Amino acid sequence: MLLVSGPRKFLNRDDVWRELNQSSLLACDTETVSDTNTELLCISLAISPDTSFAFSPDDEDIGKVWELLGKVPSLWHNVLFDIFNLSVAGHHINWIDDTMLMAQANGYPARLGDLSYPFDFDWKDVRSLLYNESGKKIKKKTLKDCAFKDIAEICNMHSIGVWKIYHGKIDRENASYLLDKKILPIVLDMQRRGIRLDKELLAKRNEEYKKRVGELKEKCLAMGFNPASSQSVGIALSKEGFITSFTPKGRMTTREEALLPLVEKGSPTAIATLQFRKEQKLYSTYIKPFYNLDRIYPKFHIVRTGRLAGSDPNPQNIPVELRDQYLPEAGEFFWDADASQIEPRIMAWLSGDKKMQEDLATGDIYSSIAQRYNISRYTAKQLVLASSYGAGDRKLVETSHRKGDNISLIDAHNLLQEYYKDYAEFARWKEMMERKAESDGYVLTWLGRKRTLSSMAEDEADDYDPLLKVVNSIVQGTAAEILKLAMLRLQDYRIITTIHDELLLSVKEAPPAEILADLCPVSLKWEISCGKNWRDLTPLSVT
């Protein structure tokens, strides 16, 4: 089936192909059953800001569509979704730009719908077809049950939107975006390859954790409460004489942050609940879903700060104790490069703070700060990070308590005051960046990635001050750019995944020691390690 949108919607099929074959650039979009069920329902090709053509996957000319897209340069909104799905289906697409990443790098939202107003195009969510006129979702209805005409009209809207974004007032040569575009083939390859699993270990661990979780739950039930029920946990705590806070529905809060202080006070309920939740989380999230699989295939996307994030599962969240489940390719080993303490290094470089640079030159700024203020290294690290994301006294107390550091609000206040006094140049630079952001309405990273104050305030409380994220946005965004430059240096090797400021490769031979040297103006320290699984890596060197 074919649907034509725009002033030439009455073109016959021969005319459609005449128009398409004369096009030197196409703006495209696909619609699938869902984000997880990527069965193709429709593909749309826009040739101008008002004309687009939508084809069903069973159209008589669909083979010509794939042939055309293999030759003619095309634009897409979210290459890591559309191009990945099409490549898995065996289609080679000659894509050249990603308007989602282009928009993000220039300070716009990522979602196509949010860009319809600034770039003047109609937009409708295809999922609206799953709801009735009163706005209620129709039970069991999926997009496969919807008429092709309805899906195609929306798909054509989206491809025209892609066209208008690309040809709108947007900086296509933004250096941070160009870097994103260069690493997309690497990330697509990461998604296709996935990460190899140790099936034997996972099968054994599945039985162990299943038994352990069952035993912990029975222990809690014997104590008189159900650890899987927040209400039951709250009642048990109140019987012990402990009260935390209450939810809007009047139930006691039993989140980890609320239970940790009660553990210190010896609450049997809090101790048993957290033990159960930890083991249940490990089992249900990182063991049970994968124990009979050969590989996991994380999906990646680039968030507003510029960092790479993953899902299904997110490799960054996999606990260290379970990383031995993940293996390099057969006959290879893992090679891991960690940009140690990259954020304070960027802070010292951007601010020109000599004292911070001296402490970094010792090899471990966190240990230097810990010794100076007589605190733990963990709290010292939280202090450094707090200075970049604008955390106050209370937040510093909360984060330090997670590792058992018992600092008070007064301690936290004094630590922050001393920190900004010792790193006075950094404090002045931080204040200058905040004033500039307040004036301009945005910040820029090293390579020019823009992030607006309004985007920093999204998903925060109404009274949130986005200036608190100014330094963090600059520093995190710059760190992301540096890691992407490292990915380009290592692109001839098999990059398995990224974990914050770390790159994990599966290799037969280690890359040259100097491969990451002189990557950027920041004085970096790369910690290199190798191993036969992801957990048991042996440090090799520091470059």
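The structure presented is a predicted model; accordingly, all values stated were derived computationally and were not measured.

**Thoughts on the overall build of the protein**
Across its full length, the protein carries 19 helices and 18 strands. At 26 Å, the protein has a C-alpha radius of gyration in line with the 24 Å of a compact globule built from 543 residues. Across its three principal directions, the C-alpha atoms of the protein cover 80 × 60 × 55 Å. Burial statistics for the protein: of 543 residues in total, 51% are counted as buried. Expressed as a percentage of contacts within the protein between residues at least 6 apart in sequence, the contacts between residues at least 24 apart total 65%. Of the roughly 26000 Å² that the protein leaves accessible, carbon and sulfur atoms contribute 49%. Within the protein, one finds 72 positive and 78 negative side-chain charges whose respective centroids are separated by 4 Å.

**Some details on the side chain of Asp98**
Position of Asp98 relative to the elements: it lies in strand β6 (residues 95-98). Although Asp98 is buried, it forms no salt bridge, and the closest oppositely charged side chain is Arg449 at an N-O distance of 10 Å. Within the local environment of Asp98, its side chain forms a polar contact with the backbone nitrogen of Val79, the two atoms lying 2.8 Å apart. When sequence neighbours within four positions are dropped, the list of residues in contact with Asp98 reads Trp76, His77, Asn78, Val79, Tyr177 and Leu184.

**Here we look at the side chain of Ser232**
Tracing the backbone through its elements, the reader meets Ser232 in helix α8 (residues 230-239). Beyond its immediate sequence surroundings of up to four residues, Ser232 is in contact with Phe225 and Asn226.

**Some details on the packing of aromatic side chains**
Going through the model one piece at a time under the given rule, you end up with seven aromatic pairs. With centroids separated by 5.8 Å and ring planes inclined at 80 degrees, the aromatic side chains of Tyr326 and Trp534 adopt a geometry described as edge-to-face. With Tyr326 in strand β11 (residues 326-327) and Trp534 in the loop between β17 (526-531) and β18 (538-542), the pair connects residues that are 208 residues apart, well separated along the chain. Comparing Tyr326 with Trp534, the two get one shared label, buried. Between the aromatic rings of Phe426 and Trp429, the centroid separation amounts to 6.0 Å while the plane-to-plane angle is 35 degrees, which identifies the pairing as tilted. Highlighted residues: Phe426 and Trp429, both in helix α17 (residues 424-440), separated by three residues, approximately one helical turn. By relative accessible area, Phe426 is classed as buried at 0%. Site record: aromatic cluster; members linked through ring pairs are Tyr419, Tyr420 and Tyr423. Over the ring of Tyr209 we find Arg212, and its NZ or CZ is 4.3 Å from the ring centre. Directly above the ring of Trp534 sits Arg323, whose terminal nitrogen or CZ lies 4.3 Å from the centroid.

**With respect to the state of the cysteines**
According to the stated counting rule, one finds zero disulfides in the structure shown. We note that Cys146 lacks a disulfide partner, and the nearest cysteine sulfur, in Cys42, lies 12 Å from it.

**Describing the sheet that holds β6**
Strand order across the open sheet formed by six strands is β1-β4-β3-β2-β5-β6, with mixed pairing between neighbours. On the outer flanks of this sheet lie β1 (2-5) and β6, each paired with one strand and no other. Direction aside, the axes of adjacent strands within the sheet are offset by 25 degrees on average. Pairing of β1 with strand β4 (residues 52-55) involves four bridges; the strand directions are antiparallel. Paired with Val4 across the bridge in β4 is Phe53. Packing against the sheet, helix α5 (residues 148-166) makes contact with β1, β2 (26-32), β3 (40-46), β4, β5 (74-76) and β6, and its axis sits at approximately 40 degrees to β3.

**Quick look at the environment of Asp353**
Checked against the element boundaries, Asp353 lands in the loop between α11 (342-351) and α12 (354-361). Owing to a relative accessible area of 1%, Asp353 belongs among the buried residues under this scheme. Distance from Asp353 to Val79, taken between C-alpha atoms, is 40 Å for residues 274 residues apart in sequence. Not counting residues up to four positions away in its chain, the partners in contact with Asp353 are Ala348, Tyr423, Ala424, Glu425 and Phe426. At 3.2 Å, the side chain of Asp353 and the backbone nitrogen of Glu425 are in polar contact. There is a polar contact of 2.8 Å between the side chain of Asp353 and the backbone nitrogen of Phe426.

**Focus: helix α13 (residues 365-373)**
All of the buried residues in α13 are Ile365, Tyr366, Ser368, Ile369, Ala370 and Tyr373. The inward-facing, buried residues of α13 contact α11, α12, α14 (377-389) and α16 (409-422). For α13, the capping residue at the N-terminal end is Asp364, with a side-chain oxygen 3.1 Å from the backbone nitrogen of Tyr366.

**Section: the nonpolar core**
In this structure, Leu20, Leu69, Trp76, Trp335, Tyr419 and Trp526 are the most contacted members of the largest nonpolar core, which totals 116 residues. The dominant element in this core, judged by the number of residues it contributes, is helix α19 (residues 470-489), at 10 residues. When neighbours within four sequence positions are excluded, Tyr419 is seen to be in contact with Met347, Met356, Ile369, Tyr373, Leu383, Val384, Ser387 and Phe426. In this structure, Leu197, Leu202, Leu282 and Trp534 belong to the second largest nonpolar core, which totals 21 residues.

**Comments concerning the pattern of salt bridges**
Tallied over the full model, the rule gives 31 salt bridges. As a salt-bridge pair, Glu460 and Lys469 come within 2.9 Å of each other at their nearest N and O atoms. Look at the salt bridges and you will find they share partners, linking Arg13, Asp59, Glu60 and Asp61 into a network.

**Digging into the packing of α16 against α17**
Running from amino to carboxyl end, α16 crosses α17 at an angle of 95 degrees, the nearest separation of the two axes being 4 Å. One finds that α16 runs roughly perpendicular with respect to α17. Residues Tyr419, Tyr420, Lys421 and Asp422 of α16 touch α17, and the partners they reach there are Ala424, Phe426, Ala427 and Lys430. Tallied by class, the residues present in the contact of α16 with α17 amount to five nonpolar, no polar and three charged.

**Details of the sheet that holds β11**
Sheet architecture is open: three strands sit in the order β8-β7-β11, paired in antiparallel fashion. Of all the strands in the sheet, the pair left with one neighbour each is β8 (295-296) and β11. Taken together, the two bridges between strand β7 (residues 195-197) and β11 define a ladder with antiparallel strand orientation. Paired with Leu197 across the strands is Tyr326, a residue of β11.

Procedures and definitions
For every chain, the first residue of its written sequence is number 1, and the numbers climb from 1 along that sequence. At least 70 in pLDDT is required for a residue's local features to be given in this predicted model, at least 80 for side-chain atom pairs to be given and counted, and no such filter applies to totals for whole chains, interfaces and linings, which use all residues. Here the side-chain values reflect all heavy atoms present in the structure, with hydrogen atoms and water set aside. The numbering of helices and of strands both runs from the N terminus, where a helix is a DSSP run of H or I of at least 4 residues and a strand a run of E of at least 2. We compute the radius of gyration over the C-alpha atoms and compare it with the globule rule, which gives 2.2 Å times the number of residues raised to the power 0.38. Accessible area is worked out with a 1.4 Å probe on protein chains only. A residue is then buried under 20% of its type maximum, exposed over 50%, and partly exposed in between. Contacts are assigned to residue pairs that have any heavy atoms within 4.5 Å of one another. A 1.4 Å probe and the Shrake-Rupley method give the accessible areas. Residues count as covered only by the protein chains that appear here. Positive charges come from Lys and Arg, negative ones from Asp and Glu, while His and the chain ends are left out of the count. The atoms used to mark charge sites are NZ of Lys, CZ of Arg, CG of Asp and CD of Glu. By definition, a salt bridge exists where a carboxyl oxygen of Asp or Glu is found within 4 Å of a side-chain nitrogen of Lys or Arg. N or O atoms closer than or at 3.5 Å make up a polar contact, with two conditions inside protein: a donor-capable atom paired with an acceptor-capable one, and, for residues adjacent in sequence, both atoms drawn from side chains. Under the pairing criterion, centres of Phe, Tyr and Trp rings, with the six-membered ring standing for Trp, must be within 6.5 Å; the plane angle then separates stacked pairs below 30 degrees from edge-to-face pairs above 60, leaving the rest tilted. For a ring to carry a charge above it, either NZ of a lysine or CZ of an arginine must fall within 6 Å of the ring centroid while also lying within 35 degrees of the normal to the ring plane. We call a pair of cysteine sulfur atoms a disulfide when they lie within 2.5 Å. Pairing between strands requires that DSSP locate at least two bridges from one strand to the other. Every axis in this analysis is a line fitted to C-alpha atoms, fitted for helices over the stretch in contact. Angles between the N-to-C directions lie between 0 and 180 degrees. By nonpolar core we mean a set of buried residues, namely Ala, Val, Leu, Ile, Met, Phe, Trp, Tyr and Cys, connected to one another through side-chain atoms within 4.5 Å. Put simply, angles under 35 degrees are roughly parallel, angles over 145 are roughly antiparallel, angles from 65 to 115 are roughly perpendicular, and the rest are oblique. Only Asp, Glu, Lys and Arg are considered charged, only Ala, Val, Leu, Ile, Met, Phe, Trp, Tyr, Cys and Pro nonpolar, and every remaining residue, Gly among them, polar.

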